[in-house]
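Structural characterization, general
Listed below, chain by chain, are the residues.
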Amino acid sequence: MFGPLAVTRYLRSEALRVALLLALIAVSISGSGLLVRIDHLIFDVGQRLNRRAVPGDVLIIAIDEDSLDRLGRWPWPRDQHARLLQALCASRPAAIAVDIAFSEPSSDPLADAVLAKALADCGNVVLPLVIEATRVGGQLLESPPIPRLAAVAVGIGRTAVRLDEDGIARAVDLREGVGAATWPLLAEEALRVARQLPAQANAIAAPVTPLVARHELLRDQSRRIEFVGPPGTVPRLSYVNLLEGQIASAVFADKIVLVGATAIGLGDFLPTPVSALGQPMPGVEVLANILISMRDGRLISILPMAPTLLLAALLAGVPMLWLRRLMPLPGLLASSAWVLVLGAACALLPGVAQLWFAPAGALFAALFAFPLWSWRRLEAARRHLDQELRQLRAILPESQATQAFPAEIRRLDFGSMSFRVERAVALWF
């Protein structure tokens, strides 16, 4: 007999089956990356909601439009950069990171010598290394500063970030290199010079090695960036104003100073999760955000794939805790609330715990939880009504059974079943 107790047992077994099906959906989506853009969207929303105080000890010396108007077309002579460094170093900043590539000798060897002397006199300047292709799809090469400058720089690091499938910069690799992932970030080198590198970051530091034989780009220890705000949030001072003595030297004392381009069309501009109305962020400001996040221990770790799949499977089955106990409307409302809560929690998790869990698989499964469970519950109700009809047909007299059930019982819709049950009960009584 398919009575109430049998229905309850059936629903319990169906709840387990639905939970397993939801877990399979979540694992499939998470493992395949099919909805990775949903993951990116949730991360971006969390970054826009996550606001924290902008530290005042990180400054950008901006090669802006005003500097280009007053100093002339780019590139500028390298002895001009030497003058800037001399003005900066007089104020004793904690470290200076120059986001300008000096990978080839200039046309004026004397200007290179003047810049090298300024670097040596400062003693706290780090320079960038560029990893680039010789041609489109060609061989990758590491391009450090020219030997004369590299010899007097106190550190060399990369400025490159990782672009996701949608072209947005969200992550950075702590180590990267051609043939071996050995080069640190320029931000890390600046923090080391300023003696502000956290202990955990210091522990992963590795000695920098020169060019290697193999030509494959290797990356290690990927982290997501926690941005302090949209473009323009990190304080900027104009290159030309400093060069012309319009900024007091005390402004830079004990601060980390980043020198780089902010003028449109000059340098790299990257779309970021916090770019307002599609406005890209200058590469030097992305560098500042990486530096601040690294120093404050707020670079975001990415949950590995195996724990991600396990957590997605567990979260997928959560709606079954209430769906098998609630009526349809409360179950629908609770399931809808669960989708919102799960999405909000995953969006805020990076800012709270510096951990990123890609939730698209779990969210997709949560959206299917109520429809799947409703289907299985309707199937249980259909079976129960079908069994009741058979029992009524068995106990009715033959004439009344023929009148109530003119045709062989088949799989009927609920309207037909209800009508036949009512008709059979009326004939019986």
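Read on for an overview of the structure.

Describing the overall build of the chain
Looking only at helices and strands, one finds 16 helices and 14 strands in the chain. Across the 429 residues of the chain, 48% fall into the buried class. By sequence separation, contacts in the chain at least 24 residues apart represent 79% of the contacts at least 6 residues apart. About 20500 Å² of surface is accessible on the chain, with carbon and sulfur atoms providing 62% of the total.

Some points on the pattern of salt bridges
Close approach of charged atoms allows side chains with opposite charge to pair. Taken as a whole and assessed by the stated rule, the structure comprises 20 salt bridges. A salt bridge links R295 to D57, with the shortest nitrogen-to-oxygen separation between them at 2.7 Å. Of this pair, R295 sits in helix α10 (residues 283-295) while D57 sits in the loop between α2 (36-49) and β1 (58-63), and the two are 238 residues apart along the sequence. On the basis of relative accessible area, R295 is assigned to the buried category, the value being 15%. The salt bridge partner of D112 is R78, with a shortest N-O separation of 3.0 Å. With D112 in helix α5 (residues 109-122) and R78 in helix α4 (residues 78-89), the pair connects residues that are 34 residues apart, well separated along the chain. D112 gets classed as buried once you look at its relative accessible area, which sits at 4%. The network of salt bridges with shared partners includes R52, D57, E226, R295, D296 and R298.

Some thoughts on the sheet that holds strand β13 (residues 300-302)
Taken in spatial order, the five strands of this open sheet run β6-β7-β8-β13-β14, and their pairing is mixed. What marks the edges here is a single partner per strand, and that holds for β6 (162-163) and β14 (355-356). Note: strand β7 (residues 169-178) against strand β8 (residues 217-224), seven bridges, orientation antiparallel. Each residue of the ladder has a partner; that of R175, found in β8, is D220.

So, the side chain of H40
Within the fold, H40 resides in helix α2. A polar contact of 2.9 Å, which involves the side chain of H40, links it to the side chain of E165.

What to know about the pairing of strand β2 (residues 95-98)
In β2, alternate side chains face the same way, and those of A95 and A97 on one face and I96 and V98 on the other are all buried. Two elements, β2 and strand β10 (residues 256-261), share four bridges in a ladder whose sense is parallel. Looking at the pairing, A97 lines up with L258 of β10.

Considering unusual backbone geometry
At the junction of W74 and P75, the peptide bond is cis and its omega measures out at 5° in the coordinates. Within the secondary structure, P75 sits in the loop between α3 (65-71) and α4. Backbone geometry places D254, a non-glycine residue, at a positive phi of 65°. Within the element layout of this structure, D254 appears in the loop between α9 (239-243) and β10. A relative accessible area of 60% means that D254 is categorised as exposed.

Let's talk about the nonpolar core
With 36 residues, the main nonpolar core has V161, L258, I290 and L291 as its most contacted residues. Residue assignment for this core shows that the elements contributing at least two residues are β1, β2, β7, α7 (186-193), β10 and α10. Among the elements that take part in this core, α10 stands out by supplying eight residues, more than any other. Excluding anything up to four places from it in sequence, L258 contacts V58, L59, I60, I61, A97, V284, L287, A288 and L291. Counting 33 residues, the second largest nonpolar core, distinct from the first, contains L84, A118, L243 and V259.

Quick look at the layout of surface pockets
Over the atoms a probe the size of a water molecule is rolled, and this reveals where empty space is left. The volume enclosed by the largest pocket comes to roughly 870 Å³. Lining the largest pocket are 36 residues; nearest its centre among them are D99, I100, A101, F102 and V130. Of all the secondary-structure elements, those providing two or more residues to the lining of the largest pocket are α4, β3 (125-133), β8, β10 and α10. Of the residues forming the lining of the largest pocket, the biggest block, four residues, is contributed by β3. For the lining of the largest pocket, the residue count by class is 21 nonpolar, eight polar and seven charged. Lining of the second largest pocket is provided by 23 residues; of these, R224, I302, M305, W356 and A358 occupy positions nearest its centre.

Criteria and thresholds
Residues numbered from 1 in each chain as written. Predicted model: local features only at pLDDT ≥ 70, side-chain atom pairs only at ≥ 80, totals over all residues. Heavy atoms only, no water. Helix = DSSP H or I, 4+ residues; strand = E, 2+ residues; numbered from the N terminus. Buried < 20%, exposed > 50% of the residue type's maximum accessible area, 1.4 Å probe, protein only. Contact = heavy atoms within 4.5 Å. Areas by Shrake-Rupley, 256 points an atom, 1.4 Å probe, with all protein chains shown as cover. Salt bridge = Lys/Arg side-chain N within 4 Å of Asp/Glu carboxyl O. Pairing = 2+ DSSP bridges. Polar contact = N/O pair within 3.5 Å; in protein donor to acceptor, adjacent residues only side chain to side chain. Core = buried A, V, L, I, M, F, W, Y, C linked by side-chain atoms within 4.5 Å. 1 Å grid on protein atoms, 1.4 Å probe; cavity = no way out; pocket = protein on both sides within 12 Å on 5 of 7 lines; lining within 4 Å. Points joined across faces, edges and corners; volume = space filled by probe spheres on them. Nonpolar A, V, L, I, M, F, W, Y, C, P; charged D, E, K, R; others polar.

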